[in-house]
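# Structural overview for review
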Amino acid sequence: MKAAVLESGKRNLIIKEVPVPELGPEKVKVRIKACGICGSDIHLILHGTLKCKHYPQIPGHEASGVVEEVGEKVTRVKKGDRVVIAAGTSCGECAHCLAGRENLCKDLGVFGFDREGSFAEYNIVEERYLYPLPDSVPFEQGAILADAVSTPYNAIKFRGKIQDGDNVAVFGCGGLGIHGVVIARALTKGKVIALDVDRGALENALAYGADEVINLREVKNPGKALKEVSKGVDLLADFSGRMTNIEESLRAMNSGGRMVLVGIGREPLKFAIPFSIIEKQITVAGSYGSDRRAIPELIDLYVQGKLNLSRSITAVRKLEEINEGLQDLEDRKGNPIRIVITP
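Everything numeric here is computed off the predicted structure, so don't read it as measured data.

## Observations concerning empty space enclosed by the protein
Inspection of every chain in the model, using the stated rule, returns one cavity of 30 Å³ or more. Lining the largest cavity, in full, are Gly-60, His-61, Ala-63, Ile-85, Ala-86, Phe-111, Ser-118 and Asn-123.

## Digging into the packing of aromatic side chains
Going through the model one piece at a time under the given rule, you end up with two aromatic pairs. Look at Phe-111 and Tyr-129: their rings are 5.3 Å apart centre to centre, the planes differ by 85°, and that puts the pair in the edge-to-face class. Remark: Tyr-129 occurs in the loop between β8 (122-126) and β9 (130-132) and Phe-111 occurs in the loop between β7 (109-110) and β8; sequence separation between them is 18 residues. Taking 5.4 Å as the distance between ring centres and 80° as the angle between the ring planes, the aromatic pair formed by Tyr-153 and Phe-158 counts as edge-to-face. As far as burial versus exposure is concerned, Tyr-153 and Phe-158 are alike and both buried. Its guanidinium or amino end placed over the ring of Phe-139, Arg-82 lies 4.1 Å from that ring's centre, counting from NZ or CZ.

## Observations concerning the UniProt feature "domain: Enoyl reductase (ER)" (unreviewed entry) in the chain
Here, the residues flagged by UniProt with the feature "domain: Enoyl reductase (ER)" (unreviewed entry) are residues 9-341. Counted over residues 9-341, helix gives 29% and strand 24%. Its end C-alpha atoms are 23 Å apart.

## A short note on unusual backbone geometry
Glycine aside, negative phi is the norm for most residues, and most peptide bonds take the trans geometry. That bond from Tyr-55 to Pro-56 is cis: its omega, -5°, falls within 30 degrees of zero. If you trace the backbone, Pro-56 turns up in the loop between α1 (39-47) and β4 (63-70). Look at Lys-161: it is not a glycine, yet its phi comes out positive at around 50°.

## Some words on the pattern of salt bridges
Counting across every chain of the model gives 20 salt bridges. Notably, a salt bridge pairs Glu-126 with Arg-115, separated by 2.9 Å at the nearest N-O pair. Of this pair, Glu-126 sits in strand β8 while Arg-115 sits in the loop between β7 and β8, and the two are 11 residues apart along the sequence. For Glu-126, a relative accessible area of 17% puts it in the buried group. Taking the shortest distance from any N to any O, the salt bridge between Asp-166 and Arg-258 comes out at 2.5 Å. Residue Asp-166 is found in the loop between α3 (139-159) and β10 (168-171), and its partner Arg-258 is found in strand β14 (residues 253-261); the two are separated by 92 residues along the sequence.

## Describing the environment of Ser-8
Of note, Ser-8 is situated in the loop between β1 (2-5) and β2 (14-17). For Ser-8, a relative accessible area of 55% gives the class exposed. Spatially, the C-alpha atom of Ser-8 lies 6.4 Å from that of Pro-56, the residues being 48 residues apart in sequence.

## Here we look at the domain arrangement of the chain
Accessible area lost upon the coming together of the parts is a frequently used measure of interface size. Taken domain by domain, the chain consists of domain 1 (2-147 + 290-341) and domain 2 (150-286). Distance from the C-alpha centre of domain 1 to the C-alpha centre of domain 2: 27 Å. At the junction of the two partners, domain 1 supplies 25 residues and domain 2 supplies 23 residues. Taken over both partners, the interface formed by domain 1 and domain 2 buries close to 1,900 Å², and the fraction arising from carbon and sulfur atoms is 53%. The interface formed by domain 1 and domain 2 includes one salt bridge. Measuring nitrogen to oxygen at the nearest pair gives 3.1 Å for the salt bridge that ties Lys-157 to Glu-297. For the pair domain 1 and domain 2, the interface holds 14 residue pairs in polar contact (both at pLDDT 80 or more). Elements supplying a minimum of two residues to the side of domain 1 that touches domain 2: α3 and α9 (294-303). Looking at the side of domain 1 that touches domain 2, the element that brings in the most residues is α9, giving five residues. Of the residues contributing to the side of domain 1 that touches domain 2, the split by class is 11 nonpolar, seven polar and seven charged.

Conventions adopted
Residues numbered from 1 in each chain as written. Predicted model: local features only at pLDDT ≥ 70, side-chain atom pairs only at ≥ 80, totals over all residues. Heavy atoms only, no water. 1 Å grid on protein atoms, 1.4 Å probe; cavity = no way out; pocket = protein on both sides within 12 Å on 5 of 7 lines; lining within 4 Å. Points joined across faces, edges and corners; volume = space filled by probe spheres on them. Phe/Tyr/Trp six-rings, centres within 6.5 Å; stacked < 30°, edge-to-face > 60°. Helix = DSSP H or I, 4+ residues; strand = E, 2+ residues; numbered from the N terminus. Buried < 20%, exposed > 50% of the residue type's maximum accessible area, 1.4 Å probe, protein only. Lys NZ or Arg CZ within 6 Å of the ring centre and 35° of its normal. UniProt positions renumbered as here; feature names shortened; annotations may be inferred. Salt bridge = Lys/Arg side-chain N within 4 Å of Asp/Glu carboxyl O. Domains from an automatic or database assignment. Contact = heavy atoms within 4.5 Å. Buried area = accessible area lost by both parts, 1.4 Å probe. Polar contact = N/O pair within 3.5 Å; in protein donor to acceptor, adjacent residues only side chain to side chain. Nonpolar A, V, L, I, M, F, W, Y, C, P; charged D, E, K, R; others polar.

What follows is the structure in structure tokens.
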């Protein structure tokens with residue numbers, strides 16, 4: 001099969017023919033129809049700040065496709081089924097996995113980092129990583145449900161416990177954060193405020209239903225700016241990893257508010273706890289990836305017309321054009337949200 005392969009020390013992907021992995025009795029062969037390029041792929045391939053478990057490696061962890069063949073013990077899917085492949089891998093046997101909280105597994109991994117990913121014509125995966133994809137959901141939009149949409153959904157719905165009527169502030173409106181805006185807009189009638197340093201990202205947020213946007217380059221005190229436009233924030237979701245902005249914004253949070261940390265920046269996370277966290281009884285939670293609840297719930301929201309992903313796919317490229325796609329995302333060419341590869 002044709003695949004995009006990352007070799008140790010390289011800063012680009014090599015398109016080459018590689019063997020199709022063997023199909024075990026509990027595994028499924030999926031013909032990949034779409035695979036999104038994530039910001040973590042940029043860090044892995046172009047920056048080298050993230051590493052694979054082994055090299056050479058096929059990256060790609062946001063994928064959808066069609067079941068081509070199933071192992072003899074597979075019972076949930078059959079040939080011809082449209083599916084989304086979960087981004088995360090896990091042991092499948094620990095208490096967390098059995099409870100449906102795979103993102104707490106001690107052996108948590110990611111396709112394309114810890115095992116072969118989906119920048120290829122096929123991937124071989126266990127059936128527990130597959131979710132049915134209705135005909136009404138395009139493969140391109142279905143693919144990004146695996147991470148770009150499910151990760152912020154986990155943060156806002158499960159960890160942030162959003163309630164209808166909450167005022168929500170979303171820091172950082174890149175590939176994950178912009179879908180935090182989408183999800184917040186779908187789940188609350190309260191105000192949704194987007195904060196970023198990039199004008200293009202803020203334009204995307206407005207197009208996706210943000211009531212207010214704040215350019216962090218233009219304000220000295222994000223907390224004061226938030227207070228002025230919202231009269232108080234109930235849920236703050238950070239996808240930027242920049243703690244200085246978050247600490248100031250705590251002053252804008254309502255009593256009983258929730259703050260969820262998702263983003264990992266280049267600087268270490270250092271959290272100075274102000275008295276307001278105690279006084280206002282603010283909950284601070286971390287959020288990483290998503291669990292098995294997210295993708296089915298997101299598909300339901302999409303089918304009901306409540307989840308708007310119409311602007312999420314900025315460009316679709318062939319596998320042979322993947323390095324150009326990576327560079328376009330790095331350079332922010334065309335104000336991208338997600339660039340999708342179609343192997």
